[in-house]
Amino acid sequence: LTFGVSAYNAVGGAVEKMQLTSVGDLVLSGGSLTLPVAEKLYFGGGSHTYIGEDVDDRLRFFVGGDEFMRFTQQDAAGEIINLYQDIYIPDGKKIHLGAGNDLKLQHDGSNSYIQASGTGNLYIQQNTADLDLILQCDDGSGGTTAYITLDGSTTNLLLSPPGNVGIGTVSPAQKLHVAGNVMI
């Protein structure tokens, strides 16, 4: 079954734009497949996995009936991708971010890595007023403990080159510089 015959080749035969084969495969030979807005392209013969575009020009991917991912044109700087489900990446595979793979995230089956390479610094930033940045680790008893807490309302701890530690100061002048009272 052939659709969209719009030209003839050099020997006078029709150029097939789209063909439905005897085994049920849909083959596009050049051209494009266009669906009206709000229509869906279904996969697997069911009604739960499909791709569709809504009236706001958002390309939406649904898996199992739930929205999984959405591409939205933001502005001239590029697109925003919204994810609505978890993404699982096999052990040993990396997520590369940046044009030069400047940031890599990876789990190798045993250890997890955040690796900055290329240009620039690696920032871990908390932008909400008066909230903390907390680094937690296993405490040996099945739970986790906050080993480092950076208080968002004050500067409580600063590690700076050449190895000076400041508590209550942003400019430690000695190996250990405490601004305020000390209890030992």
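First things first, this report covers the structure right here in the doc. (Residues numbered from 1 in each chain as written. Predicted model: local features only at pLDDT ≥ 70, side-chain atom pairs only at ≥ 80, totals over all residues. Heavy atoms only, no water.)

Looking now at the packing of aromatic side chains. Scanning the entire structure with this criterion turns up three aromatic pairs. Ring centres of Tyr50 and Phe62 lie 4.6 Å apart, and the angle between their planes is 15°; this geometry places the pair in the stacked category. With a gap of twelve residues between them, Tyr50 in strand E5 (residues 50-53) and Phe62 in strand E6 (residues 59-63) connect regions that are remote in the sequence. Like Phe62, Tyr50 is buried. Ring geometry for Phe61 and Phe71: centres 5.6 Å apart, planes at 70°, overall edge-to-face. Taken as a pair, Phe61 in strand E6 and Phe71 in strand E7 (residues 66-75) lie far apart in primary sequence, ten residues in all. Counting every residue linked through ring pairs, the aromatic cluster contains Tyr42, Tyr50 and Phe62. (Phe/Tyr/Trp six-rings, centres within 6.5 Å; stacked < 30°, edge-to-face > 60°. Helix = DSSP H or I, 4+ residues; strand = E, 2+ residues; numbered from the N terminus. Buried < 20%, exposed > 50% of the residue type's maximum accessible area, 1.4 Å probe, protein only.)

Position of Asp86 relative to the elements: it lies in the loop between strand E8 (78-83) and strand E9 (94-97). Accessibility expressed as a relative area gives 57% for Asp86, which makes it exposed. When the C-alpha atoms of Asp86 and Met69 are compared, they prove to be 10.0 Å apart, with 17 residues separating the residues in sequence. A polar side-chain atom of Asp86 sits 3.4 Å from a polar atom in the side chain of Tyr88. (Polar contact = N/O pair within 3.5 Å; in protein donor to acceptor, adjacent residues only side chain to side chain.)

Moving on, we get to the pairing of E5. Side chains Tyr50 and Gly52 of E5 all project onto a buried face; the interleaved residues Ile51 and Glu53 project onto a face where none is buried. Inspection of the sheet shows strand E4 (residues 40-42) paired to E5 by three bridges, in the antiparallel sense. The residue of E5 that forms the bridge with Leu41 is Ile51. With four bridges joining them, E5 and E6 adopt antiparallel strand pairing. Note on E6: the bridge partner recorded for Glu53 is Leu59. Linking E5 back to E6 in an antiparallel pair, the connection comprises five residues, with Asp57 at a positive phi of about 60°. (Pairing = 2+ DSSP bridges.)

Mapped onto the elements of the fold, Asn164 is located in strand E15 (residues 164-167). For Asn164, a relative accessible area of 9% corresponds to the buried category. Separated by 3.3 Å, the side chain of Asn164 and the backbone oxygen of Pro172 make a polar contact.

What follows concerns a nonpolar patch on the surface. A grouping of Ile81, Leu83, Ile87, Ile89, Ile95 and Leu97 is seen on the molecular surface, where their side chains present a nonpolar patch of about 490 Å² in accessible area. Elements with a minimum of two residues in the nonpolar patch: E8 and E9. Of note, Ile95 is situated in strand E9. (Patch = residues over 30% accessible without salt bridge, like charges linked within 9 Å, V, L, I, M, F, W, Y side chains within 5 Å. Areas by Shrake-Rupley, 256 points an atom, 1.4 Å probe, with all protein chains shown as cover. Salt bridge = Lys/Arg side-chain N within 4 Å of Asp/Glu carboxyl O.)

Relative to strand E10 (residues 103-107), E9 is paired through four bridges, and the arrangement is antiparallel. Bridge pairing links Ile95 to Leu105 in E10. The hairpin formed by E9 and E10 contains five residues between the paired strands, and Gly98 there has a positive phi angle of roughly 95°.

Pairing is antiparallel in the open sheet, where three strands are placed in the order E9-E10-E11. Edge positions in the open sheet fall to E9 and strand E11 (112-116), since each of these has one partner strand only. Ignoring strand direction, the axes of neighbouring strands in this sheet form an average angle of 10°. (Axes fitted to C-alpha atoms, helices over the stretch in contact; angles between N-to-C directions.)

Going through the model one piece at a time under the given rule, you end up with four salt bridges. A salt bridge links Glu67 to Arg60, with the nearest nitrogen and oxygen atoms 2.9 Å apart. Classification of Glu67 by relative accessible area gives buried; the value is 11%. Salt-bridge contacts for Arg70 lead to Glu67; the nearest nitrogen and oxygen are separated by 2.9 Å. Within the structure, one salt-bridge network assembled from shared partners comprises Asp54, Arg58, Arg60, Glu67 and Arg70.

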